[in-house]
Amino acid sequence: MPRIEFVGGAKARDKAVDVPEGGSLVDLCDQVLAPVPFSCRSASCGTCQVQVLEGAELLEPASEEEQDLLDLLDDGEGSRLACQARVKPGPGLVRLRPIGT
Ligand code: FES
């Protein structure tokens, strides 16, 4: 079952959650009160940008809308938008570090 770990946010509230079915990352963040800030929730502002430290292959590929904003943000570090990313079902570990905190 995928485990999602949120690490290194400025608020120092590391958190982990098991997500056997995968699903929408924004819903998972809401469920566990993950230390990821959100604003627009529609791939417009970049507030929810997270660096993927591990397990990028366990996330569905970015949509065109998400990729367009990531290209504008241009951090060069393999980041995703937590309001858009979806977690695949299956085993593994995804480690995310909020960038916007
Ligand atoms: S909350 Fe604005 S891009 Fe995700």
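Above: the structure in question.
Overview of the structure. Note that the coordinates shown come from a computational prediction; the quantities given were computed from them, not determined experimentally.

### Some points on the sheet that holds strand E2 (residues 15–18)
So, step 1. With mixed pairing, the 5 strands of this open sheet are ordered in space as E2-E1-E7-E4-E5. Where the open sheet ends on each side, the last strands, each with one partner, are E2 and strand E5 (79–81). Pairs of neighbouring strands in the sheet enclose a mean axial angle of 30°, with direction left out of account.
So, step 2. Across 5 bridges, the pairing between strand E1 (residues 2–6) and strand E7 (residues 92–98) is parallel. Opposite Phe6, over in E7, you have Leu96 as the bridge partner.
So, step 3. Packed onto the sheet, helix H1 (residues 25–32) meets E1, E2 and E7 and runs at close to 65° relative to E1.
So, step 4. Strand contacts of helix H2 (residues 64–73): strand E4 (49–54) and E5, with the helix running at about 130° to E5, the strand carrying the most contacts.

### Things to note about the packing of aromatic side chains
So, step 1. Inspection of every chain in the model, using the stated rule, returns 0 aromatic pairs.
So, step 2. The residue whose ring lies beneath Arg41 is Phe38, and the NZ or CZ to ring-centre distance is 4.6 Å.

### Here we look at the environment of Arg97
So, step 1. Secondary-structure assignment places Arg97 in strand E7.
So, step 2. It is 21 Å that separates the C-alpha atoms of Arg97 and Pro20, two residues lying 77 residues apart in sequence.
So, step 3. The residues touching Arg97, leaving out its near neighbours within four places in the chain, are Val7, Gly8, Val50, Gln51, Leu53 and Glu77.

### Digging into the pattern of salt bridges
So, step 1. Tallied over the full model, the rule gives 4 salt bridges.
So, step 2. Between Arg95 and Glu5 there is a salt bridge, with the nearest N and O atoms lying 3.5 Å from each other. Separated by 90 residues along the polypeptide, Arg95 in strand E7 and Glu5 in strand E1 bring together distant segments of the chain.
So, step 3. Exposure remark for Arg95: the relative accessible area of 26% places this residue in the partly exposed category.
So, step 4. You can call Glu5 partly exposed: its relative accessible area is 22%.
So, step 5. We note a salt bridge from Glu66 to Arg80, for which the minimum N-O separation is 2.7 Å. Note that Glu66 is positioned in helix H2 and Arg80 in strand E5, a separation of 14 residues in sequence.
So, step 6. A relative accessible area of 1% means that Glu66 is categorised as buried.

Calculation criteria
- Residues numbered from 1 in each chain as written.
- Predicted model: local features only at pLDDT ≥ 70, side-chain atom pairs only at ≥ 80, totals over all residues.
- Heavy atoms only, no water.
- Pairing = 2+ DSSP bridges.
- Helix = DSSP H or I, 4+ residues; strand = E, 2+ residues; numbered from the N terminus.
- Axes fitted to C-alpha atoms, helices over the stretch in contact; angles between N-to-C directions.
- Contact = heavy atoms within 4.5 Å.
- Phe/Tyr/Trp six-rings, centres within 6.5 Å; stacked < 30°, edge-to-face > 60°.
- Lys NZ or Arg CZ within 6 Å of the ring centre and 35° of its normal.
- Salt bridge = Lys/Arg side-chain N within 4 Å of Asp/Glu carboxyl O.
- Buried < 20%, exposed > 50% of the residue type's maximum accessible area, 1.4 Å probe, protein only.

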